[in-house]
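Okay, here's what each chain looks like letter by letter:
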Amino acid sequence: MHTLSVSALGDALRRGEVSSVELTAHFLDRIKTHDRTLNSFITVTDDIALADAARADERRRDGSDNPLLGIPIAHKDIFCTRGVRTSCGSRMLDTFIAPYDATVVKRLRSGGAVMLGKTNMDEFAMGSSNQTSWYGPVRNPWDISRVPGGSSGGSAAAVAAGLAPIATGTETGGSIRQPAALTGLTGLKPTYGRVSRYGMVAFASSLDQAGILARSAEDIALSLGAIAGHDPNDSTSVNRPVEDYTKTLESDLSGLRIGVVKEQFGHGLDSEVGAIVQDAISTLERLGVSLVEISLPNSALAIPVYYVVAPAEASSNLSRYDGVRFGHRAAHPVDIEDLFKRSRSEGFGEEVKRRIMIGTYVLSAGYYDAYYLKAQQVRRLICADFAQAFEQVDLIAGPTSPFTAFPIGEKMDDPVAMYLCDMYTAGINLAGLPALSAPAGFAHDLPAGLHLIGDHFREGLLLHVAHQYQRATDWHLKRPLRFP
Ligand code: GLN
């Protein structure tokens, strides 16, 4: 059952071959067996899951149906879940029980999806390898000595190992696509504003966006419609109708123009990963697209810009965790300053502290113009590069990650090396664009991802192209041997 797609599981439920309770019990069982190795969950919500599943079965008996009714799902522990710990991977929120559901969680729940639990993640979603979590590193199911990517690494590892059929994730600079690439999954980061951020713990508010990790583009198409759409509780969510993403998967690709960015195949890219991505692009060409070489002249600036803007916003968002209003409170403070200092020192890990320091520095009087303002100006140039590219092409294709999964422990004492994991992904968040990673083959025996980038609100087109690619290839069907 755990090898089936969401659409196949939906069919099995519909035909009465399995109940949601049975399906849910099966996944809970797999979590029990395998998660000691993977550490992909922070909290497993057995009781809630089985109760939700029983309710889904009841709804089905009463004649309801929709693509997610009775389908188990794992939620990244950045989404508030009513009555359930929402830790964001941090000691700061280790004992925080959310009083309400995030909009994403609420919509999936009302569609009948069954929450299995909350997945491990980099602390406050800061990281590209899932090594900064207070709850310890997550392991990659393809090689447990390696990282699954981050920050939605728990969601990625859980789906890749068959502990959940599908999972939510979030992105600020690549945290859905990069772990999808490193674990052989399909991951979609929607257009900024397409999905509500209400109830999602804030990291960098102008970049954060929720999305889905799954085994195929089709599975994402089935679930994106449930979470997308306007939410009055999030003023940045866009009031624009939601398409039926499953309706546009099937037509052929002829006539589409796909841009290949010349700057993306140079320095920093592992040559085996590069060859795999070139191959995937040739497959798209065989499927009828025409390829156009394009340039994104400012793309090399995405990393420096992102690592000014994201920490700046984070330093502001994270100021609420002071042990008084929110978060871990240090014991026996001598005065208020001691309380703030020790609560924050104890509650936050090293990477989060580094970001807060960088963020407050670039926002401080005297440095604001040189760093933050300059970064925002360059951000505008990066957006303009994409806008110009989308006058010539419908989509852009390239590598998602410059390399495959690296050993646990690597890059932890070299933050800049870690930040380079986002070299192809961060610019997309700066521009608010939708993008997807799809499995494209294996380099060094590890999964590598094809990155597809669309213009604003072209999620349907991204899923369509990825689905056609997945009909022509079987990389998305490969599973890690260790987790049969
Ligand atoms: N790796 C990036 C960072 O550490 C992106 C993280 C994310 O998308 N949440 O900021």
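As a convention, each chain's residues are numbered from 1 in the sequence order in which they are written. In view of the model being predicted, local features appear only for residues whose pLDDT reaches at least 70, and side-chain atom pairs are presented and counted only at 80 or more, with totals across whole chains, interfaces and linings using the full set of residues. Values shown for side chains rest on all heavy atoms present in the structure; no hydrogens or waters enter the calculation.

Draft legend 1. Local environment of the overall build of the protein. A count of helices and strands for the protein gives 15 helices and 11 strands. Taken against the 2.2 N^0.38 rule, which gives 23 Å for 484 residues, the C-alpha radius of gyration of the protein at 21 Å falls within 12% of a compact globule. By principal-axis analysis of the C-alpha atoms, the protein measures approximately 65 × 55 × 45 Å. Any pair of residues with heavy atoms lying within 4.5 Å of one another is described as a contacting pair. Considering only contacts within the protein whose residues lie at least 6 apart along the sequence, 76% involve residues at least 24 apart. Carbon and sulfur atoms make up 53% of the accessible area of the protein, which amounts to about 17800 Å² in all. Positive charges come from Lys and Arg, negative ones from Asp and Glu, while His and the chain ends are left out of the count. Charge positions come from single atoms, namely NZ of Lys, CZ of Arg, CG of Asp or CD of Glu. If the 47 positive side-chain charges of the protein are averaged to one point and the 54 negative ones to another, these points end up 3 Å apart. In this description a helix means any DSSP run of H or I spanning at least four residues, a strand means any run of E spanning at least two, and both kinds are numbered starting from the N terminus. Throughout, the radius of gyration refers to the C-alpha atoms, and the reference size of a globule is 2.2 Å times the residue count to the power 0.38. The method behind every accessible area is Shrake-Rupley, applied with a 1.4 Å probe, and residues are considered shielded solely by the protein chains displayed.

Draft legend 2. Spatial organisation of the site of the ligand. Consider each residue's heavy atoms; a residue with any of them within 4 Å of a molecule or strand counts as near. Residues in close proximity to the ligand total 15 residues, the closest being Thr172, Gly173, Ser175, Tyr306 and Arg355. Whenever two N or O atoms come within 3.5 Å, that pair is a polar contact, provided that in protein one can donate a hydrogen and the other can accept it, and provided that, for residues adjacent in sequence, both atoms are side-chain atoms. With respect to the ligand, the backbone of Gly173 contributes an N or O atom lying 2.6 Å from an oxygen atom. Note that an oxygen atom of the ligand is positioned 2.7 Å from one of the side-chain N or O atoms of Arg355. If the ligand stood free it would expose 290 Å²; the protein chains cover 100% of that surface. Charged residues are taken to be Asp, Glu, Lys and Arg, nonpolar residues to be Ala, Val, Leu, Ile, Met, Phe, Trp, Tyr, Cys and Pro, and polar residues to be all remaining types, Gly included. Of the residues in the shell around the ligand, the class split is 5 nonpolar, 7 polar and 3 charged.

Draft legend 3. Region of the structure containing the packing of helix H8 (residues 271-286) against helix H15 (residues 459-472). Fitted lines through C-alpha atoms give the axes, limited to the stretch in contact for helices. The angle between two N-to-C directions lies from 0 to 180 degrees. One can describe the packing of H8 onto H15 by two numbers: an axis separation of 10 Å at closest approach and a directional angle of 95 degrees. By the angle between their directions, the pair H8 and H15 is classed as roughly perpendicular. Contacts between H8 and H15 pair Ala280, Thr283 and Leu284 from the former with Val465, Tyr469 and Ala472 from the latter. For the contact of H8 with H15, the class distribution of residues is 5 nonpolar, 1 polar and no charged. Note on terminology: angles under 35 degrees are roughly parallel, angles over 145 are roughly antiparallel, angles of 65 to 115 are roughly perpendicular, and the others are oblique.

Draft legend 4. Region of the structure containing the pairing of strand S9 (residues 395-399). Among the 5 residues of S9, 5 are classified as buried, and the element is accordingly described as predominantly covered. For two strands to pair, DSSP has to find at least two bridges joining them. Pairing geometry for strand S7 (residues 257-261) and S9, over 3 bridges, is parallel. Bridged to Gly259 within S9 is Ile396. Each residue gets one of three labels from its accessible area relative to the maximum for its type: buried under 20%, exposed over 50%, partly exposed in between, using a 1.4 Å probe on protein chains only.

Draft legend 5. Structural detail: the side chain of His476. Checked against the element boundaries, His476 lands in the segment after H15. Setting aside chain neighbours within four positions, we find His476 in contact with Arg215, Ser216, Pro439 and Gln470.

Draft legend 6. A look at the nonpolar core. Of all hydrophobic cores here, the largest spans 139 residues; its most connected members are Phe124 and Phe386. By residue number, the principal contributor to this core is helix H9 (residues 302-317), which donates 10 residues. Beyond its immediate sequence surroundings of up to four residues, Phe124 is in contact with Cys88, Ser90, Met92, Leu93, Val201, Phe203, Leu318, Tyr321, Phe348 and Val352. Throughout this description, the term nonpolar core refers to a set of buried Ala, Val, Leu, Ile, Met, Phe, Trp, Tyr and Cys residues connected via side-chain atoms within 4.5 Å.

Draft legend 7. Spatial organisation of unusual backbone geometry. Following Gly150, the chain continues into Ser151 via a peptide bond in cis, with omega recorded as 5 degrees. Its place among the elements puts Ser151 in the loop between strand S3 (114-119) and helix H5 (153-160). Here the phi dihedral of Cys88 falls at roughly 55 degrees; this positive angle occurs in a residue that is not glycine. Positive phi values are uncommon outside glycine, yet His332 reaches one of about 45 degrees. Here His332 lies in the loop between H9 and helix H10 (336-347).

Draft legend 8. The arrangement of the packing of H9 against helix H12 (residues 369-392) in detail. Where H9 contacts H12, the axes come no closer than 9 Å and their chain directions differ by 125 degrees. In terms of axis orientation, H9 runs oblique to H12. In the packing of H9 onto H12, the handedness of the crossing is left-handed. In this structure, H9 contributes Ala302, Val305, Val308, Val309, Ala312 and Glu313 to the contact, and H12 contributes Tyr371, Tyr372, Ala375, Gln376, Val378, Arg379 and Ile382. Put simply, a crossing is left-handed when the front helix is turned counterclockwise from the back one by less than a right angle, and right-handed when it is turned clockwise.

Draft legend 9. Seen up close, the environment of Met200. Here Met200 is to be found in the loop between strand S5 (186-189) and strand S6 (209-214). Accessibility expressed as a relative area gives 9% for Met200, which makes it buried. On a C-alpha basis, the gap between Met200 and Pro439 in space is 27 Å, while along the polypeptide they are 239 residues apart. Filtering out sequence-adjacent residues up to four positions away, Met200 remains in contact with Ile78, Phe79, Ala102, Thr170, Asp208, Gln209 and Ala210.

Draft legend 10. Structural detail: the pairing of S6. Counting buried residues in S6 gives 6 out of 6 residues, a clear majority hidden from the surface. Residue alternation in S6 divides its side chains into two sets, Gln209, Gly211 and Leu213 and Ala210, Ile212 and Ala214, and both sets are buried. Bridging between strand S4 (residues 167-171) and S6 involves 5 bridges; their strand directions are antiparallel. In the strand pairing of S6, Glu171 is matched with Gln209. Note: S5 against S6, 3 bridges, orientation antiparallel.

Draft legend 11. Quick peek at the packing of aromatic side chains. Classification of ring pairs rests on two measures: the distance between centres of Phe, Tyr or Trp rings, Trp counted by its six-membered ring, which must be within 6.5 Å, and the angle between planes, read as stacked under 30 degrees, edge-to-face over 60 and tilted in between. Here the structure, examined in full by the defined rule, presents 14 aromatic pairs. Judged by centre distance (4.4 Å) and plane angle (25 degrees), the ring pair of Tyr361 and Tyr367 falls under stacked. Residue class for Tyr361 comes out partly exposed when judged on its relative accessible area of 38%. Since its relative accessible area comes to 36%, Tyr367 is described here as partly exposed. Connected via pairs of aromatic rings, a cluster forms that spans Phe124, Tyr321, Phe326 and Phe348.

Draft legend 12. Region of the structure containing the pattern of salt bridges. Every case where a carboxyl oxygen of Asp or Glu lies within 4 Å of a side-chain nitrogen of Lys or Arg is listed as a salt bridge. In the structure shown here, the tally under the stated rule is 24 salt bridges. Across the pair Asp244 and Lys247 runs a salt bridge, and its minimum N-O distance is 3.3 Å. Owing to a relative accessible area of 37%, Asp244 belongs among the partly exposed residues under this scheme. Linking Asp394 and Arg257 is a salt bridge whose minimum nitrogen-to-oxygen distance equals 3.2 Å. You can see Asp394 sitting in the loop between H12 and S9 and its partner Arg257 sitting in strand S7, a full 137 residues away along the chain. Ionic contacts of the salt-bridge type, sharing partners, join the residues Asp11, Arg14, Arg60 and Asp65 into one network.

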